[in-house]
Amino acid sequence: MKSLTSEARTQATEDPAAVCARLGIDGDAYRSLRWMLVNQLRGGLEAVRRALECGDVHTAGLRLEALRGAGANLGATALVSRIRSIEAALSSEAWAHIQPPPRVESRVFLRSAE
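Residues numbered from 1 in each chain as written. Predicted model: local features only at pLDDT ≥ 70, side-chain atom pairs only at ≥ 80, totals over all residues. Heavy atoms only, no water.

Topic: the overall build of the protein chain
Broken down by element type, the protein chain carries six helices and zero strands. When the helices and strands of the protein chain are read in sequence order from the N terminus, they spell out α-α-α-α-α-α. If you take every contact in the protein chain between residues at least 6 apart in sequence, the share linking residues at least 24 apart comes to 69%. Carbon and sulfur atoms make up 56% of the accessible area of the protein chain, which totals about 7,200 Å². (Helix = DSSP H or I, 4+ residues; strand = E, 2+ residues; numbered from the N terminus. Contact = heavy atoms within 4.5 Å. Areas by Shrake-Rupley, 256 points an atom, 1.4 Å probe, with all protein chains shown as cover.)

Looking at the environment of Arg49
Within the secondary structure, Arg49 sits in helix H3 (residues 27–53). Overall, Arg49 belongs to the partly exposed group, its relative accessible area being 34%. Each C-alpha atom, one on Arg49 and one on Ala60, is 7.5 Å from the other, the two residues being eleven residues apart in sequence. (Buried < 20%, exposed > 50% of the residue type's maximum accessible area, 1.4 Å probe, protein only.)

Some remarks on the packing of H3 against helix H4 (residues 57–73)
Interhelical geometry of H3 versus H4 gives an angle of 165° and a closest axis separation of 8 Å. Between H3 and H4, the interaxial angle falls into the category roughly antiparallel. Here the hand of the crossing between H3 and H4 comes out left-handed. Contacts from Leu37, Gln40, Leu41, Gly43, Gly44, Leu45, Ala47, Val48, Ala51 and Leu52 in H3 reach Val57, Thr59, Ala60, Arg63, Leu64, Leu67, Ala70 and Gly71 in H4. Looking at the contact of H3 with H4 residue by residue, the classes come out as twelve nonpolar, five polar and one charged. (Axes fitted to C-alpha atoms, helices over the stretch in contact; angles between N-to-C directions. Parallel < 35°, antiparallel > 145°, perpendicular 65-115°, else oblique. Left-handed = near helix turned anticlockwise from the far one by under 90°. Nonpolar A, V, L, I, M, F, W, Y, C, P; charged D, E, K, R; others polar.)

Focus: the packing of H4 against helix H5 (residues 77–90)
Where H4 contacts H5, the axes come no closer than 9 Å and their chain directions differ by 165°. When the axes of H4 and H5 are compared, the pair comes out roughly antiparallel. Relative to H5, H4 is oriented so that their crossing is left-handed. Within the contact between the two elements, H4 uses Val57, Ala60, Gly61, Leu64, Glu65, Leu67, Arg68, Gly71 and Ala72 and H5 uses Leu79, Val80, Ile83, Arg84, Ile86, Glu87 and Leu90. For the contact of H4 with H5, the residue count by class is ten nonpolar, two polar and four charged.

This is how it looks when you write it as structure tokens:
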């Protein structure tokens, strides 16, 4: 998955001028957003890895969806394609038996602390 970070840095296949026009930004803002995407990918991919290590496919999928959306906004179509491949693998039969972990409400922790 680490190759996705370098791909975000180098693989914007949509014309940057078209992205700038669509978003209503200039080239400097575009470059700043691209670097923000690269940084978001670093943390996001680590969160995906941790979620999968815990068997939390649902959370991993949500993180991937957010990364895919950010990449799509900036025209990083190659990156979006790679993330879609990962999402497809997570929704395959191999992961179907894994359920998201139960959600624990914060008030449970507050009661135990009293």
